Amino acid sequence: MAHYLGIDVGSVSTNLVILDEYGDIKEAIYLRTQGQPIKAIQEGLKILSKNAKNWDIRGVGTTGSGRQLAAVIAGADVVKNEITAHAVAAMKEIPDVRTVIEIGGQDSKIIILRDGVVTDFAMNTVCAAGTGSFLDQQANRLGIPIEEFGYYALRSRNPVRIAGRCAVFAESDMIHKQQLGYKVEDIIRGLCQALVRNYLNNVGKGKEILPRVVFQGGVAANVGMKAAFEEALGMEVYVPKYHNVMGAIGAALLAKEANVERTKFRGFDASEIEFTADSFECKGCSNHCEVVNIRMEGKVIARWGDRCNRWKVIDD
Amino acid sequence: MTDYKKLWESLDMDLEKHEQLCNLLPDFFAEVYLSQENRPEGMNYFNLVVSSIHGLRPEELKRHRDSGGKVVGTFCVYVPDELIFAAGAIGIGLCGGSQFWVADGERVLPKNTCPLIKSFMGAKITKTCPYFQSCDLLVGETTCDGKKKAWEIMKNYADIHVMHLPQMKRDIDLRAWSHELEILKERLEELTGNEITPSKLKDAIKLINEKRKALRRLYELRKANPVPISGKDALLVTQIAFYDDPERFTSKVNSLCDELEERVKLGKGVFPSGTKRIIITGTPMAIPNWKLHHIVETSGAAVVCEETCTGTRYFENLVDEELDTLEAQIMAMSERYMKTNCACFTPNQGRIDDIIRLVREYKADGVIYYNLQFCQPYAVEYELVRQALQREGIPVLFIETDYSENDSGQIKTRVQAFLEMLG
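Residues numbered from 1 in each chain as written. Chains lettered and ligands numbered in written order. Predicted model: local features only at pLDDT ≥ 70, side-chain atom pairs only at ≥ 80, totals over all residues. Heavy atoms only, no water.

Quick reminder of the rule: UniProt positions are given in the numbering used here, feature names are shortened, and annotations may be inferred rather than shown by experiment.
As named in an unreviewed UniProt entry, chain B is R-phenyllactate dehydratase beta subunit, taken from Fervidicola ferrireducens. As recorded by UniProt, the Sequence similarities (unreviewed entry) comment attached to chain B reads in full: "Belongs to the FldB/FldC dehydratase alpha/beta subunit family." Listed under Cofactor (unreviewed entry) in UniProt, the entry text for chain B is "[4Fe-4S] cluster".

As recorded in an unreviewed UniProt entry, chain A goes by the name R-phenyllactate dehydratase activator, listed as coming from Fervidicola ferrireducens. The UniProt entry for chain A carries this comment under Cofactor (unreviewed entry): "[4Fe-4S] cluster".

Structure below.
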């Protein structure tokens, strides 16, 4: 049977999924990128290679901020932005979805769909308040495992109001509330409410949020955030089973849709190939671009970072 | 560029710092412009003007000043070039489109000021722009709070005359603006020692109208599908309009248009057929700010029109050429300028109507609302524009950014997703 590989390389996590030709998920892997995207992609391929004989990969799609890198390493047929990938995956899960809330490691987005078509969207800008990294950090600071963070919120009866406009202010406000003696679950629930408020006022500003609402991305695992969204919106919020790898699912679906004759996939052995990245400062002009070389066994196969394309490598 | 060293010295410029700036432009221009395919031959003139941006034209300004002429620098499309040229002076639209000057601007301005203001302030205080250095007088105006207050600081570095632009469009405002034009006229007469007579003003009105007509012709050709010229090239032409010699500029734009007319006849486009057509609306893009156009046109779409000050607002509407008294001419100018729809006016329904009309005329698939960071009037006005476009079923994407390249990746993701959304 034909299979399709989707890879989503984000700032915090790198996710890989394999779909069969019916679009059913056969494998889903969630790894921390930890600042080493090449290693994370190869690690993912290696895990998948254990059952390599089961997979007949006919197409590969990549997405996320590291989509170009993933495309070079794995050999991709489709390279798509994360809005499209997330929308496609949400529609596969809930065909009549009209709103997608996606909160990942460092970005958050809203996608508005009507009759199966994306009609509007927005992403957070430079500010990462309310995204996964911030919640991670706060859980860490409070000494609570991130997996349990949301359940604390559910136990709260009297949430504390936290300033959610900015992660820095939210943090100092939380510290202040702790020092005043508020219960940690009330602070956590207050934080979830603040982040939801912040999301709806910024990313969701001016958007008509209609059911059904799908909440995905790593932060969707947080039951406290789900509850806070449901409370604020007054409607049910659906969290898909594979909520944390939806980008990769979308990329795989897009690869399936592309229906290429011959995939560019390098094979799972790509996990054994030596890929390295190094950079140099171009002295060609006063821009002094930091040019990145991606090498396969020492040979440069891709380059980016140069503004003028002077260093562009034409790969076959 | 070193040939102009003497010229720059004579303008009291900071040569060392200026050298850094000059080194930036050629590669940047090559990357954004010369890499384009199917460019019209007629763009060669504009390439030349940019490649010698701090030499050719400043040298002409110096010759003009050496023979006793004056140069007047302006910052806004409400300031009438007609009066400046009628006084025998040369009007130069000063830019402030480079990130290079932003940090220097921040030395005297709050960081949360729009990059355009920070950039032109930096250009002046570092003495690295030959246009600024060539000006005998600057003319500012009270469009937004940022600019209004910046002039007070600018006064430490240059002579500046500030025009009080009304912010409503009632009869009383029209009369107030004509009064401001009269005050400017007196100031220019005093500066140049030349009297502005009805016949001189008539000639100047014709001169500037011809420039507007040439740009109108260029934009008219951009309505063709496939579009015969890239948005980046058209933007460059409009940007150069602000400081080039009007007569020469007009003739070069018209020859470019002759070539484009041929292309349209042959159905020849600059992009593949089916390329999505985008209108950009919002804040000005002063040279060398090509950031958004470059992102859009390297993401598979074409910019077909700009509803901005470096677009339609600059050349739509003409001044009546048939009047013979100063009073009537100045009133006609006031009427023409007050038709321009800037977000500093309240209410500003005219701009919303313009955008919707332009979307139809240019058969655009979508609108990108471009907001320079911290430009409050345009940022606030977005909500009403968004509502109106939504009612009309016109997709719109809001992009707020500055001159830095830091967010180019994020903007590209957004633009790509927007284009995919257009189908």
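**Some thoughts on the interface of chain A and chain B**
Short version of the rule: Contacts are residue-level and defined by heavy atoms, with any inter-residue pair within 4.5 Å sufficient. By buried area we mean the combined loss of accessible area, with a 1.4 Å probe, across both parts when two parts are placed together. Any Lys or Arg side-chain nitrogen located within 4 Å of an Asp or Glu carboxyl oxygen qualifies as a salt bridge. Identification of polar contacts relies on pairs of N or O atoms within 3.5 Å, with a donor-acceptor requirement for protein atoms, meaning one able to donate a hydrogen and the other able to accept it, and with residues adjacent in sequence counted only if both atoms are side-chain atoms. Comment: elements are numbered from the N terminus, with helices defined as DSSP H or I runs of at least four residues and strands as E runs of at least two.
Contact with chain A, which involves 21 residues of that partner, is made by 18 residues of chain B. For the pair chain A and chain B, the two sides together bury roughly 1700 Å², of which 50% comes from carbon and sulfur. Here chain A and chain B share one salt bridge between them. The partner of lysine 80 of chain A in a salt bridge is glutamate 420 of chain B, and the shortest N-O contact between them spans 3.7 Å. Inspection of the region where chain A meets chain B yields six residue pairs in polar contact (both at pLDDT 80 or more). For the side of chain A that touches chain B, the secondary structure elements donating two or more residues are helix 3 (82-93) and strand 8 (117-123) of chain A. Here the element with the most residues in the side of chain A that touches chain B is strand 8 of chain A; it accounts for five residues.

**Section: the packing of helix 11 (residues 198-221) of chain B against helix 13 (residues 246-266) of chain B**
Residue and element names in this part refer to chain B. The following threshold applies: Angles run from 0 to 180 degrees between N-to-C directions of axes, and those axes are lines fitted to C-alpha atoms, restricted for helices to the stretch in contact. With respect to orientation, any angle under 35 degrees is reported as roughly parallel, any angle over 145 as roughly antiparallel, any angle of 65 to 115 as roughly perpendicular, and every other angle as oblique. Here a crossing is called left-handed whenever its near helix is offset anticlockwise from the far helix by less than a right angle, and right-handed whenever the offset is clockwise. Lys, Arg, Asp and Glu make up the charged group, whereas Ala, Val, Leu, Ile, Met, Phe, Trp, Tyr, Cys and Pro make up the nonpolar group; the residues left over, Gly among them, are polar.
At a closest axis distance of 9 Å, the pairing of helix 11 and helix 13 adopts a crossing angle of 20°. In terms of their interaxial angle, helix 11 and helix 13 are classed as roughly parallel. Classified by chirality, the crossing of helix 13 by helix 11 is left-handed. On the side of helix 11, the interface is formed by Leu207, Glu210, Lys211, Ala214, Leu215, Arg217, Leu218 and Leu221, while helix 13 contributes Pro246, Glu247, Phe249, Thr250, Val253, Asn254, Leu256, Cys257, Asp258, Leu260, Glu261 and Val264. Here the contact of helix 11 with helix 13 is composed, by residue class, of 12 nonpolar, two polar and six charged.

**Observations concerning unusual backbone geometry**
Quick note on the threshold: Burial here depends on accessible area, computed with a 1.4 Å probe over protein chains only, as a share of the maximum for the residue type. Under 20% is buried, over 50% is exposed, and the range in between is partly exposed.
Looking along the chain, the bond that leaves asparagine 225 of chain B and enters proline 226 of chain B is cis, with omega of 5°. Here proline 226 of chain B shows up in the loop between helix 11 and helix 12 (231-241). The amide bond that connects isoleucine 287 of chain B to the next residue, proline 288 of chain B, takes the cis arrangement and shows omega of 0°. Residue position: proline 288 of chain B is located in the loop between strand 5 (276-282) and helix 14 (291-297). Of note in this structure, asparagine 259 of chain A is not a glycine but carries a positive phi near 50°. Of note, asparagine 259 of chain A is situated in the loop between helix 9 (246-258) and strand 11 (275-281). For asparagine 259 of chain A, a relative accessible area of 59% corresponds to the exposed category.

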